Amino acid sequence: MNLQNKTVTQNKKSHLRVTTVMFGLIVLLFLGFILNISIGSVEISIKEIFLMIGRYISYSIKNIFSKGAYSAYLAELINTSTESMIIFSIRMPRMILAAILGGALSVSGFLLQSFFRNPIAGPFVLGISSGAKMSVGITLIFLSGYIGYISPWMLVVAAFVGSLVITSVVVIFSGRVKNMSMLLVIGIMVGYICSAITDFCITFAKDHDILNLTGWSMGTFSGADWESVGLGAAICIPVFLICWLISKPMEAYSLGEGYAKSMGISIKPFCVVLIILSSLLSACVTAIAGTVSFVGIAVPHITRIMLKSSKPIYVIPASFVMGAVFCIFCDLLARTVFAPTEMAISSVTSIFGAPIVIYIMVKRRRQES
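Residues numbered from 1 in each chain as written. Predicted model: local features only at pLDDT ≥ 70, side-chain atom pairs only at ≥ 80, totals over all residues. Heavy atoms only, no water.

1. Examining the overall build of the protein
And step 1. Check the secondary structure of the protein and you find 15 helices and zero strands.
And step 2. A buried classification covers 49% of the 369 residues belonging to the protein.
And step 3. Total accessible area computed for the protein in this model is approximately 18500 Å², and 69% of it derives from carbon and sulfur atoms. (Helix = DSSP H or I, 4+ residues; strand = E, 2+ residues; numbered from the N terminus. Buried < 20%, exposed > 50% of the residue type's maximum accessible area, 1.4 Å probe, protein only. Areas by Shrake-Rupley, 256 points an atom, 1.4 Å probe, with all protein chains shown as cover.)

This is the structure in structure tokens:
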């Protein structure tokens, strides 16, 4: 009975901690939204932000079934003033896109860490993001001349193929090397090879495309619009929900393949599902925003520390929100610290993410020794 009471108490504490952490993250997310809309070359007061968003929501509710009236009002609202145009055409889509892609990258990193059972695994470190970038670069530079217009969906497909190929290569090597640190080195080398191929392809791009391709390859949320937001949401949100729905099998898999088999889980198909979901999330991020480094490693690790739990049912949603918060604030720094010059988003995420990776590696080394 005492053991049962102790278990119930621990579960209550765990639920309370998860609830507290999620509430804190949602507050930070809301704060990040306000700051991102308010701060910039044109300062917009918080009162004005709420008034404009309130008018938009009110009209949307009244005319939700009237597409023509809704579109006309939205165009009128955006063109009413410079501030409204900045909010609805520039800052809001950029902020929402950063949140969606940041959450997607964090969940992708958690899936890879669960699959390899290694806290240092992530799309950037294992070269998966570089593979997606290479595939997108080749598509933009060489195929655009034959096909003509390349839709954003085609870029996501190209990035997914590149991610899947590199993930398969890393998985093959993981079966041949016993030391996970060696797997990390292999992933980094594969990433360098893919980056070198991408840079080589950029030399054949047209002069007016080189600047855009170089900026995109370094990672940026600049130029985000509602179309890219819709594309990111259409892919990342359903994939995130699928990841959350399979959190129970993921927890069993994390306890060992033998335990997972005893729970009725088919290991190979389940691993294929994890790889596909992770590749799809990282591919979507790379296709839309380029390479965003260290988010997939650092954020899941921070989330586990905050929750004091590794249960996927808790970590997956918390990682998504934490990734959104992380990328929103990093993007805010990227566009304001040296304004009007804008930093690459990867430069900012590396500043905060790389020390966490170093800490994980040092801690892991001490535990092994």
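What follows continues from the structure just given.
2. Topic: the packing of helix H9 (residues 226-245) against helix H12 (residues 267-289)
And step 1. Packing of H9 against H12 brings their axes to within 10 Å, and their N-to-C directions diverge by 165 degrees. If you check the angle between H9 and H12, you find them roughly antiparallel. Seen along the crossing, H9 lies across H12 with a hand that is left-handed. Contacts from Ser228, Leu231, Gly232, Ile235, Cys236, Val239, Ile242 and Cys243 of H9 reach H12 at Leu277, Leu280, Leu281, Cys284 and Ile288.
And step 2. Partitioning the contact of H9 with H12 into residue classes produces 11 nonpolar, two polar and no charged. (Axes fitted to C-alpha atoms, helices over the stretch in contact; angles between N-to-C directions. Parallel < 35°, antiparallel > 145°, perpendicular 65-115°, else oblique. Left-handed = near helix turned anticlockwise from the far one by under 90°. Contact = heavy atoms within 4.5 Å. Nonpolar A, V, L, I, M, F, W, Y, C, P; charged D, E, K, R; others polar.)

3. Description of a nonpolar patch on the surface
And step 1. A grouping of Ile138, Phe142, Ile193, Ile197, Phe200 and Phe204 is seen on the molecular surface, where their side chains present a nonpolar patch of about 570 Å² in accessible area.
And step 2. Contributing elements (two or more residues each) for the nonpolar patch: helix H5 (128-147) and helix H7 (180-202).
And step 3. Here the nonpolar patch gets three residues from one element, more than from any other, and that element is H7.
And step 4. Tracing the backbone shows Ile193 in helix H7.
And step 5. Taking the relative accessible area as the measure of exposure, Ile193 reaches 54% and is therefore exposed. (Patch = residues over 30% accessible without salt bridge, like charges linked within 9 Å, V, L, I, M, F, W, Y side chains within 5 Å. Salt bridge = Lys/Arg side-chain N within 4 Å of Asp/Glu carboxyl O.)

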